[in-house]
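Each chain, letter by letter, is given below.
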Number of protein chains: 2
Amino acid sequence: MTQALKIRTLINRISRIDAADSWSDDLNPTQLAALSYLAQANRFSRAPSHVAAFLGTTRGTMSQTLKALARKDYVSELRTETDKRYMSYDLTVKGQAATKRSNPLEKALGTFNPATSDSLEHGLNIVLQTMLLVNNGRAFGQCIDCSYYQSGASKGYCALLSISLKPTETKQICHEQVPMQAGQST
Amino acid sequence: MTQALKIRTLINRISRIDAADSWSDDLNPTQLAALSYLAQANRFSRAPSHVAAFLGTTRGTMSQTLKALARKDYVSELRTETDKRYMSYDLTVKGQAATKRSNPLEKALGTFNPATSDSLEHGLNIVLQTMLLVNNGRAFGQCIDCSYYQSGASKGYCALLSISLKPTETKQICHEQVPMQAGQST
DNA sequence: TATCTTTAGTAGCGACTCGAAACTATTGCA
DNA sequence: TGCAATAGTTTCGAGTCGCTACTAAAGATA
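These numbers come from a predicted model, not from an experiment.

A. Geometry of the protein's contact with DNA strand D. Inspection of the region around DNA strand D gives 30 residues, with A:Ser49, A:Lys67, A:Tyr86, B:Asn28 and B:Thr57 positioned closest. Protein-adjacent atoms of DNA strand D, using a 4 Å cutoff, are sugar or phosphate at a proportion of 73%. Contact between DNA strand D and A:Arg16: a phosphate oxygen at 3.5 Å from a side-chain N or O atom of the residue. Here a phosphate oxygen of DNA strand D and a side-chain polar atom of A:Ser49 are 2.8 Å apart. If you list the elements that add at least two residues to the surface near DNA strand D, you get α1 (3-21), α3 (48-55), α4 (59-71) and β2 (87-91) of chain A together with α2 (29-40) and α4 (59-71) of chain B. Looking at the surface near DNA strand D residue by residue, the class counts come to seven nonpolar, 13 polar and ten charged.

What follows is the structure in C-alpha cells.
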C-alpha cells in the first residue's frame, strides 16, 4: 500500500464520517456543502455553475440540489440583471443559521495546536492546487489573495471587474480568482 | 472563518473532487470505497457491519452497496461457518483489478516530496483518531500496530483471537484492532 | 434448559445525489 | 444576421442514505 493511497483513504474516510455526522433534520451533506459555499462566496459567485465547479460536480446535479434548498427555504433564487443567463442563489435567514452549526470534525480540529493545524492546512492546500492543475479547475480563493486585487488607502479594488470592494468582500470567495504567486504583492 | 472550518472545507472539497474523478463505467465512489476497504481488510473484517463502521455509515446502507457490488460480480458473498450471523464479502478477480486503477488524487500525491507527505499523513491521522474518540469509533488499524499483536521468531501472533498470522496478514486491517500507545511495543 | 437480550444482515420507504443527455434562453462573436 | 458558446433546467436510471421493521443466530441470565 503506497503512501499516496493511504492519504487518499484517510481523506475520503474522514470526509465520509464527517458527512454522516453532518446530517440534520432536513439537510443532507451535499446540501450543507453547497450552503456553506454560498455563505462564503461573493455576489458574483453564487450561480449553480460556480457551486458545481467548486465542488467538482455537474451543473445539472447542482441545479437540483439548489432547487431542493430553495424548496426548503434555505436559499432564494434571483435572476441576475446584467447577464440574464445567470442565477444568484442567496442565503435566507434560515440558511445563514444552518451554516453556523458546529460538528465533530471542527471540534476535533479546534483542539489542535497551531503548528499542527498550519501544517495540515498547508498540506491540503497543496493537494488541492495540484489536483486543480490536472483538472483545469479554478481555485475559488479569496479576493485578498488574487492577482487582480489592489489594496487602496481604505478599501480594496478589483482590477478585473473594475469595482471597489467593501472590507467584508475582500475575504469572500470569487469564481474569477487567480491566485497570486508566492511573494507577489500589489 | 476559522481555521478549523477552512480545513474541513478543504477535506470535503478534495474528497468531492476525487469522488467525481473516480466514477468509472459501472462503479460509483461509494462502491469503490467499499471495495478498497475489502481489499485491505483481513478475513475477520469483511462483513457489512465492519465496512459500515469503517466508512461511518449504517449496516442497512452498506448492505445495499455490497449487494450492488455482488450483483456486478466485484465481490462474492460467503456465510461465515463459526458465527452464522456474519457474511464475508471477498473480492473476485474483477474486484481486485478494479482496486488497482490510479486516479488524479493519487497522482498528485505522488509528486510530493516525502517530508510533505509524511506531515500530511500524520496530521490526517490525528484528525481521524480525534474524531473517532468523540464518536466511539474503532480505529481499523493494521495488526502490526495493535496491542494484541505479538511478534514471534518468524511470524506474528494475535493474542486476542489466539491465532498465528501470516506475514501478509500482519499488514491487513482488522476490525478488532486496538492501537498501541506511542512507544509501546511487544 | 428456557427465556430474554443483543447483534448481524436485510427488505422496503422516501428523499435525494449523481452523471449524462436533451432542451431553452441568453450572450458573444464573426 | 447567424451561429457558436454558455447558463440553467429537466428527465432518466442507478444508486446512496438514514430509518424502521423484520428474521436469524448467538449470548446471557435465571
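What follows continues from the structure just given.
B. Focus on the sheet that holds strand β3 (residues 149-151) of chain A. Residue and element names in this part refer to chain A. If you trace the three strands from one edge of the open sheet to the other, you get β3-β4-β5, paired in antiparallel fashion. Of all strands in the sheet, those with a lone pairing partner are β3 and β5 (163-165), marking the two edges. In this sheet, neighbouring strand axes are inclined to one another by 30° on average, regardless of whether the strands run parallel or antiparallel. Across three bridges, β3 lies against strand β4 (residues 156-158) in antiparallel orientation.

C. Representation of the packing of α2(B) against α4(B) in the model. All names here are of chain B. Running from amino to carboxyl end, α2 crosses α4 at an angle of 85°, the nearest separation of the two axes being 10 Å. As the angle between them shows, α2 and α4 are arranged roughly perpendicular. Each of Thr 30, Gln 31, Ala 34, Leu 35 and Leu 38 in α2 lies in contact with α4, whose residues at this interface are Met 62, Thr 65, Leu 66, Ala 68 and Leu 69. In terms of residue class, the contact of α2 with α4 is built from seven nonpolar, three polar and no charged.

Scoring rules and cut-offs
Residues numbered from 1 in each chain as written. Chains lettered and ligands numbered in written order. Predicted model: local features only at pLDDT ≥ 70, side-chain atom pairs only at ≥ 80, totals over all residues. Heavy atoms only, no water. Near = heavy atom within 4 Å. Polar contact = N/O pair within 3.5 Å; in protein donor to acceptor, adjacent residues only side chain to side chain. Helix = DSSP H or I, 4+ residues; strand = E, 2+ residues; numbered from the N terminus. Nonpolar A, V, L, I, M, F, W, Y, C, P; charged D, E, K, R; others polar. Pairing = 2+ DSSP bridges. Axes fitted to C-alpha atoms, helices over the stretch in contact; angles between N-to-C directions. Parallel < 35°, antiparallel > 145°, perpendicular 65-115°, else oblique. Contact = heavy atoms within 4.5 Å.

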